[in-house]
Amino acid sequence: MEKNHRGIGEANGKIILLGEHSVVYNKPSIAIPFPAAKIHVTVIYQKEPTTIHCDFYHGLLDDMPELLESLKATVKTCLSRLNKTDNQLSITIDSHIPAERGMGSSAAVAVATTRALYHFYQTDLTQENLLEIVDISEKIAHGNPSGLDALMTSSSIPYYFIKGQPFEPINLNLDAFLIVADTGITGQTREAVASIAEKLNSSNQALYQQKIDELGHLAEQGRTALETNKASLLGKLMTSVHSLLRELDVSNNQLDHLVATALKHQALGAKLTGGGRGGCMIALARTKYQAETIAQALHQEGAKKTWLYQMNGDTNE
């Protein structure tokens, strides 16, 4: 292999459009790839032992901290499968997906790194093998991953998902723009999930179960809206979902404020996305101009960063 050969890998973020939290209780959810936020990984040959360069670490692969154990496992698993266990590589990770915001950053890093290493060694990589490798990494990062993040960060189409059942691709047909805004606050998924579990074991169990059931029903309607170009309906569903998630106590003041801001500026709908109690919110707009207006308002009201995504496939920063 030429010493100046370069391996390139890329992955996109992911957004839970509908169904967060209720998916834990076997209700449907919808996730979409989010190519407006990406990770790029570059692999080159060097004379020194393999090093990693990313936002959180610059140093030897073997000396990586426990926090990055999932990335270390990705690299070592790839090299083992490629029969290239003794190498001198420089692996640089350029991430535009914020960590711990529910956008699939850990899975995206694993996807992009795997693709870059296989590209560097000029070896074909099937989607099945990619997902196997990323699953190893995600088990270290998250314990018992559903596989959703791995699939979405490596795919270009939305999926409909019910726990324990095969992922179903969605035929996206929606003329609208999605705005994503980062609160700048780390999401608290584990605490939010535990809080809902506690509510479902309380004396008000029936009330909270009804809310979980309704979240699942709204996700079912959302699939129809995505496939039949009903942006106004999807927006209403999103806003209804946020109200239910507020009632389940998985929102927070900043998320609620940004959702209200988006709606005030004529968003078709808005909601938190992901685990909640931090992380990101999303809003839907019919035109690029409206989306940019909403994004500007969200910035003015405290959003740390915003992204725009044209739902029919094009992206805009």
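Throughout, a residue's number is its position along its own chain's written sequence, starting from 1. Reporting of local features is limited, given that this is a predicted model, to residues whose pLDDT is at least 70; pairs of side-chain atoms are given and counted only at 80 or more, and all residues count toward the totals for whole chains, interfaces and linings. Hydrogens are left out, water is left out, and the side-chain values use all remaining heavy atoms of the structure.

- In the annotation of an unreviewed UniProt entry, the entry for the chain reads Mevalonate kinase, and the organism field reads Vagococcus vulneris.
- UniProt positions are given in the numbering used here, feature names are shortened, and annotations may be inferred rather than shown by experiment. Here the chain is described in UniProt, under the heading Pathway (unreviewed entry), as follows: "Isoprenoid biosynthesis; isopentenyl diphosphate biosynthesis via mevalonate pathway; isopentenyl diphosphate from (R)-mevalonate: step 1/3."

## Digging into the domain arrangement of the chain
Here is step 1 of the chain: Boundaries of every domain are those given by an automatic assignment or by a domain database. Domain boundaries in the chain define domain 1 (6-168) and domain 2 (171-310).
Here is step 2 of the chain: The centre of domain 1, based on its C-alpha atoms, is set 25 Å off from the matching centre of domain 2.
Here is step 3 of the chain: At the junction of the two partners, domain 1 supplies 27 residues and domain 2 supplies 40 residues.
Here is step 4 of the chain: Here domain 1 packs against domain 2, burying approximately 2,700 Å² in sum over the two surfaces, 70% of which is carbon and sulfur. Whether two residues are in contact is decided by their heavy atoms: any pair within 4.5 Å suffices. Put simply, buried area is the surface a 1.4 Å probe can reach on two separate parts but cannot reach once they are joined, added for both.

## Focus on helix H7 (residues 231-247)
Here is step 1 of the chain: In DSSP terms, a helix is any run of H or I states spanning at least four residues, a strand is any run of E spanning at least two, and both are numbered starting from the N terminus. How far a helix is expected to stretch is found by multiplying one less than its residue total by 1.5 Å. Its 17 residues give H7 an end-to-end C-alpha distance of 25 Å, which sits within 8% of 24 Å, the value for a rise of 1.5 Å per residue.
Here is step 2 of the chain: Tucked inside the fold, the buried residues of H7 contact strand S1 (6-18), strand S8 (177-182), helix H6 (205-227), helix H8 (253-264), strand S9 (269-273) and strand S10 (280-285).
Here is step 3 of the chain: Trailing H7 by a residue or two, Asp249 shows a phi angle of about 65 degrees, which is positive.

## Looking at the side chain of Thr261
Here is step 1 of the chain: Checked against the element boundaries, Thr261 lands in helix H8.
Here is step 2 of the chain: Of note is the side chain of Thr261, whose polar atom sits 2.8 Å from the backbone oxygen of His257.
Here is step 3 of the chain: Dropping the residues within four chain positions of it, Thr261 is found in contact with Ala297, Leu298 and Glu301. Definition of a polar contact: a pair of N or O atoms within 3.5 Å, with one able to donate and the other able to accept a hydrogen when the atoms are protein atoms, and with sequence-neighbouring residues admitted only if both atoms are side-chain atoms.

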